[in-house]
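Commentary on secondary and tertiary structure
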Amino acid sequence: MRKWTFLACALLLGGCATITKGTTQSVAIDTPGVPGATCTITTQNGPQMVTTPGTIVLTKGSTALPIQCTKECYLMGSSIIPSNTEAMAAGNVVFGGLIGLGVDTASGAINKYPDIVTVAMTPDQTCQQPVAPRRPARTSARQ
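All values reported here derive from a predicted model rather than from experimental measurement.

A few points about the state of the cysteines
With the rule as written, the count across this model stands at 2 disulfides. Between Cys39 and Cys69 runs a disulfide, and the two sulfur atoms are separated by 2.0 Å. Residues Cys39 and Cys69 are joined through a disulfide that is right-handed, its torsion about the S-S bond being 110°. Residue Cys39 is found in strand 2 (residues 38–43), and its partner Cys69 is found in strand 5 (residues 65–70); the two are separated by 30 residues along the sequence. Across the pair, Cys69 and Cys39 agree in class, each one buried. A disulfide bridge connects Cys73 with Cys127, and the sulfur atoms are separated by 1.8 Å. With Cys73 in the loop between strand 5 and strand 6 (77–81) and Cys127 in the segment after strand 9 (116–118), this residue pair connects regions lying 54 residues apart in the sequence. Given the relative accessible area of 10%, Cys73 is considered buried.

The rules behind each value
Residues numbered from 1 in each chain as written. Predicted model: local features only at pLDDT ≥ 70, side-chain atom pairs only at ≥ 80, totals over all residues. Heavy atoms only, no water. Disulfide = S-S within 2.5 Å. Helix = DSSP H or I, 4+ residues; strand = E, 2+ residues; numbered from the N terminus. Buried < 20%, exposed > 50% of the residue type's maximum accessible area, 1.4 Å probe, protein only.

This is the structure:
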């Protein structure tokens, strides 16, 4: 009887990170000093885009994700969004055993991306931004 009780508890507790943390995560993307940049994140499901500063929902995975940001008159900014192991994984080994660890690994819930990612961008010194047209001077009609 004890054996079945233990097995039932292991199955119920299996996938702790999947249940508590989920398989997706919101990540804030920023390009300090360069608002309005368009950033493309290359994921296993295809490219995802966000305008900075902004937040994007990513499906968790074990691979790092490349990110490239562009904006007129700035050089392309590139970085990597690293994937780390969720702290919940340690508790899952203790309480959920191999079944819980397997569920979290298969679903991606065992992984975590940073909450905030910043991508540095540098002004393009060769870029000539269009000059705003001047407004004609107003004349007053005094008599």
